[in-house]
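# Structure assessment
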Amino acid sequence: MFCQILGQATKHPNSILLFIFIGEEGTGAVLYVLCLVLFDPDVSWGRKHNPERWNERGSCDRYKFYSVNADYSKRKKVRASK
């Protein structure tokens, strides 16, 4: 595949910048996902220390889904720390 990219770059020199930007964007996407995986407190890699981390979530914790039957006006407000 790298030989094919080099062949295209020699035939069409204007495409060199395109390959550079696509490589940078792909690298940035991989680094962003790694950052989310490594530094997110909700991600657990150890099975021995905390195998079922989702059981420790309280009723006031924020989730990324919406429940139609829950009354959110009666819940305690949780603010993010700055």
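Residues numbered from 1 in each chain as written. Predicted model: local features only at pLDDT ≥ 70, side-chain atom pairs only at ≥ 80, totals over all residues. Heavy atoms only, no water.

## A word on the side chain of S15
Tracing the backbone through its elements, the reader meets S15 in the loop between α1 (2-11) and α2 (16-39). Setting aside residues no more than four positions away along its own chain, S15 makes contact with Q8 and A9. (Helix = DSSP H or I, 4+ residues; strand = E, 2+ residues; numbered from the N terminus. Contact = heavy atoms within 4.5 Å.)

## So, a nonpolar patch on the surface
Residues V30, L31, L34, L38, F39, V43 and W45 make up a contiguous nonpolar surface patch of about 790 Å² in total accessible area. By the element assignment, L38 lies in helix α2. (Patch = residues over 30% accessible without salt bridge, like charges linked within 9 Å, V, L, I, M, F, W, Y side chains within 5 Å. Areas by Shrake-Rupley, 256 points an atom, 1.4 Å probe, with all protein chains shown as cover. Salt bridge = Lys/Arg side-chain N within 4 Å of Asp/Glu carboxyl O.)

## Let's talk about the UniProt feature "transmembrane region" (unreviewed entry) in the protein chain
Mapped onto the present numbering, the UniProt feature "transmembrane region" (unreviewed entry) falls on residues 16-39. Annotated as residues 16-39, this span is 100% helix and 0% strand, and its ends, taken at the C-alpha atoms, are 34 Å apart. (UniProt positions renumbered as here; feature names shortened; annotations may be inferred.)

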